[in-house]
Amino acid sequence: MTTALRHGRSPGAPVRPGTDPEPGTARDTLGGGPTAPDDAAVLTVVEAGVATSVQDLGRPGLAHLGVPASGPTDRRSFRLANRLAGNPENTPALEVTVGGLAVTLSTPRYVAITGAPAPVTVDGVPALDGPLVRLPAGSVLRIGRPWAACRSYLAVSGGIETDRVLGSASRDSLTGLGPAPVRAGTEYGLGPAAPVPAVPLELAFSVVPCGGRVTARFRWGPRHDLFSAADRHALTTTPWRISAQCDRVGARLTGPPLSVGSVDLASEGTMRGAIQVPPSGEPIVFLSDHPVTGGYPVIGVVTDADIDLVGQTLPGDELRLTPVY
């Protein structure tokens, strides 16, 4: 299947219960029973949730053209979901923000749910098998509101097939590049089911913030010299809070404002993890859909190892920034 984004079912239409295919068709790769031919495999979105999007690992290397990298906000959890489902790490999957997603499949497949821990049910019955669930054809899988962090990932064995823009299936919320936002009634084709590996239990869980507190390491620069010693000290000692102004573009922090004030600075390149300080003095930590340039000074950059944790924070969570010297 080459064109995979389909809108055959109108939003809100009832889901018809399905049955497993007849014996003799292609078999599920973990020995779970027969599946329908791959060219008929479809994922239907029953409920889209607050903010669900299709993501792969994004569009790196195009910043000089003004194109952000985008991709999953929590890359580790995204990669883990695909590995559990037997897919290459860059296979398109769904990023689910604060839950609310419900899907059904036309053929039985294994699905992996990682990232923010959330209640998962199949036809209303809690799924107790951990992050890897075998979803029968026609059954409805629901991801509820997480009890920690905010972004969960759902990968299906074989992966979601959808239109690509500049080589990527990632939805970029800032520029609008990529597939349309996920809505109820949207249908996606699925690739051929892949062998699902046996993953040791200790490797099958994501690392996400718990208890509403996160510590993220950062490196100073490139414009930390524009800030006073008192401001630099405040950045590293303040128990910042994630404000309600947070999305895939960035997370604004609340706390005693830094005093950089208005700075006449030419626009410069930015990156995921950049800690930009606007005239308000409240830092903004850039996430996956950040702009490629900015005119406010960047006092530091969160390490690549820790920025995924920041992307999992919720409004009200505490964030402490620790410099790496």
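Located above this text is the structure these notes cover.
Presented here is an overview of the structure given in this document. (Residues numbered from 1 in each chain as written. Predicted model: local features only at pLDDT ≥ 70, side-chain atom pairs only at ≥ 80, totals over all residues. Heavy atoms only, no water.)

1. Considerations on the overall build of the chain
Across its full length, the chain carries three helices and 22 strands. Per-residue burial for the chain yields a buried fraction of 53% across its 325 residues. At a minimum sequence separation of 6, the contacts of the chain that also span at least 24 residues come to 77%. Working note: accessible area of the chain is about 13900 Å², and carbon and sulfur atoms make up 57% of it. (Helix = DSSP H or I, 4+ residues; strand = E, 2+ residues; numbered from the N terminus. Buried < 20%, exposed > 50% of the residue type's maximum accessible area, 1.4 Å probe, protein only. Contact = heavy atoms within 4.5 Å. Areas by Shrake-Rupley, 256 points an atom, 1.4 Å probe, with all protein chains shown as cover.)

2. Quick look at the sheet that holds strand β9 (residues 132-135)
Reading across the sheet, the five strands line up as β3-β4-β11-β6-β9 and stay open at both edges, with antiparallel pairing between neighbours. In this open sheet, the two strands that pair with only one neighbour each are β3 (51-55) and β9. Averaged over neighbouring strand pairs, the angle between their axes works out to 25° when direction is ignored. Against the sheet, helix α1 (residues 75-84) makes contact with β3, β4 (93-97), β6 (109-115), β9 and β11 (151-156), and its axis sits at roughly 160° relative to β6, the strand it touches most. (Pairing = 2+ DSSP bridges. Axes fitted to C-alpha atoms, helices over the stretch in contact; angles between N-to-C directions.)

3. Regarding the environment of G49
The residue G49 is located in the loop between β2 (42-48) and β3 in this model. In this view, G49 contacts G99, G100 and L101; residues no more than four positions away in its chain are not counted.

4. Quick notes on the nonpolar core
Residues L43, L101, I113, L141, I143 and L154 are the most contacted members of the largest nonpolar core, which totals 26 residues. Beyond its immediate sequence surroundings of up to four residues, L43 is in contact with V103, T104, L105, V156, T186, E187, Y188 and L190. The next biggest cluster of nonpolar side chains, apart from the first, holds 23 residues, and it includes F227, V277, L287 and L319. (Core = buried A, V, L, I, M, F, W, Y, C linked by side-chain atoms within 4.5 Å.)

5. Section: the pairing of strand β21 (residues 298-302)
Each regular strand carries side chains that alternate between the two faces of the sheet. Summarising burial for β21: five of the five residues are buried, a large majority. Examined bridge by bridge, strand β14 (residues 213-220) and β21 share three bridges and lie antiparallel to one another. Bridge pairing links F218 to V302 in β21. In this sheet, β21 lies alongside strand β18 (residues 274-276) in antiparallel orientation, the contact comprising three bridges. Bridge pairing links Q276 to V298 in β21.

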